[in-house]
Every structure is written in C-alpha cells, then in structure tokens.
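Residue-level structure breakdown
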Amino acid sequence: MPRNTKAAGAKKRSASSGQKTEETMLKELFIEELRDIYWAEKHLTKALPKMKKAATSEELANAFEEHLAVTEEQVVRVEKVFEMLDMTARAKKCEAMEGLVKEAQQIIEDLPKGSAVIDAGLIIAGQKVEHYEIAAYGSLVQLAKTMGENEIADLLQLTLDEEKETDQLLTELAVSGINVSAENEPEE
Ligand SMILES: [Fe+2]
Ligand SMILES: [Fe+2]
C-alpha cells in the first residue's frame, strides 16, 4: 500500500513541528506554489518589455505589450489571494521561470534583430512561459477547490483563462504568417 507508506513518511518528517493534518500540508503546498507563481509573474513584468522591444512585427510587439498589462493585474490578483488567506504576499524564487526567461534572452541575443526568425523564436519562448503558467494556475485552481476555497479558485481561474488566451494568440500569430515569413527570408 504505497499511499499509506507515503503518509507515514510525511508524518514522520513533520514530527518536530507537531502532527500536521493532511489539510494543513495541502494548504502549505498551496502557499508554496502561490509564492512561486508570485515570483514568476513579477519576474515576467521585467522580461516582457524586453521581448516587446525585440519583436519585429507590430502584432507580436502588441501581444507582448498587452500581456504585460495583463500580467501586472495578475500580480495584484495573487496579492489579493494572499490577502484572502490573511497572509502577507511573499515571493519565492521560481527557478523554472528564471530559466524560461533566460531562454528568451538567449533568443534575443542570438537571432538577427528585425527579422521574422527572431519573432518565431520569441513566440516559442512566450509559449513556453504560458505553458508553465497554465500548469501552475491549473494546479492552484484544483488545490483551492480541494481546500474548499471556491472564491480563491474563481479568482485564479480568471488568470488561468488569460494565460490560455495568450497562448492561443501566440499560436495564431505563429500560424498567420510570422513563421511563414521566417521561411521565406533570404539566406545570408
Ligand atoms: Fe501570468
Ligand atoms: Fe502569461
């Protein structure tokens, strides 16, 4: 019975801080994940302007600019969730988002400025970011529901929907020509 073994192990580890219920541990997990995405969103508010600046097509630049405004609201939304839990908002470094942003920076450094190729690269980097966020918020919404925190779940669902919309928009931009013009670019 692997489930029981796991539960026993978890109990043992928390012995020093007293017996923790599964409910408490679930809430702690939720808060850890919330701190992770809080850091990630704030980090993105610094990265998106650079991605916008590097974009060749106006459409892509606009998409990054719009998503910056949305991301700033999402930061506030996460703060609201902390508030609803009677907690001070605290960020915990998200290694994954740091890595994804580094990849975007690498694309900006490596690919030719003003080309359709850099746009194709930025779309890939952007979609990797969105997919991370979709996974994070999808999990947070589910955890909040499990905890019976339906108001928090509804709030985080709004962000989840925005991330999905952005991912969809980036797919459309890739399909609607940015990638096509990258293919047609003359080779140097
Ligand atoms: Fe976000
Ligand atoms: Fe996003």
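Details of the structure are given in the entry above.
Residues numbered from 1 in each chain as written. Chains lettered and ligands numbered in written order. Predicted model: local features only at pLDDT ≥ 70, side-chain atom pairs only at ≥ 80, totals over all residues. Heavy atoms only, no water.

Here we take up the pattern of salt bridges. Tallied over the entire structure, the rule returns seven salt bridges. As a salt-bridge pair, E32 and R35 come within 3.5 Å of each other at their nearest N and O atoms. With a gap of three residues between them, E32 and R35 both fall in helix α2 (residues 22-54), about one helical turn apart. Its relative accessible area of 30% is what places E32 among the partly exposed residues. What makes R35 buried here is its relative accessible area of 10%. Its salt-bridge partner being K52, residue E65 comes within 2.7 Å of it at the nearest N-O pair. Here K52 lies in helix α2 and E65 lies in helix α3 (residues 58-84), a separation of 13 residues in the sequence. (Salt bridge = Lys/Arg side-chain N within 4 Å of Asp/Glu carboxyl O. Helix = DSSP H or I, 4+ residues; strand = E, 2+ residues; numbered from the N terminus. Buried < 20%, exposed > 50% of the residue type's maximum accessible area, 1.4 Å probe, protein only.)

Where a metal carries four tetrahedral donors, each ideal angle is 109.5 degrees; where it carries six octahedral donors, the ideal angles are 90 or 180 degrees. The iron ion (ligand 1) binds to the protein through E41 (OE), E41 (OE), Q74 (OE1), E133 (OE) and E163 (OE); the donor distances cover 2.1 to 2.3 Å. Between consecutive donor residues of the iron ion (ligand 1), the sequence gaps follow E-x32-Q-x58-E-x29-E. Taken as an interatomic distance, the gap from the iron ion (ligand 1) to the iron ion (ligand 2) is 3.2 Å; E133 donates to each of them. Separated by 59 residues along the polypeptide, Q74 in helix α3 and E133 in helix α5 (residues 116-146) bring together distant segments of the chain. When its relative accessible area of 0% is taken as the criterion, E133 is described as buried. (Donors = N, O, S within 2.8 Å, 3.2 Å for Na, K, Ca; no water.)

At a minimum axis distance of 10 Å, the contact between α2 and α5 shows a crossing angle of 160°. By the angle class used here, α2 and α5 are roughly antiparallel. Once α2 is placed against α5, the crossing between them reads as left-handed. Taken together, the residues of the contact of α2 with α5 sort by class into 18 nonpolar, two polar and five charged. (Axes fitted to C-alpha atoms, helices over the stretch in contact; angles between N-to-C directions. Parallel < 35°, antiparallel > 145°, perpendicular 65-115°, else oblique. Left-handed = near helix turned anticlockwise from the far one by under 90°. Nonpolar A, V, L, I, M, F, W, Y, C, P; charged D, E, K, R; others polar.)

As a further point, take the packing of aromatic side chains. The description of two aromatic rings rests on the distance between their centres and on the angle between their planes. Per the stated rule, a full pass over the model turns up one aromatic pair. Between Y38 and F82, the ring centres sit 5.7 Å apart and the planes meet at 65°, which makes this aromatic pair edge-to-face. Taken together, the positions of Y38 in helix α2 and F82 in helix α3 put the pair 44 residues apart, joining distant regions of the chain. The exposure class of Y38 is buried, given its relative accessible area of 5%. (Phe/Tyr/Trp six-rings, centres within 6.5 Å; stacked < 30°, edge-to-face > 60°.)

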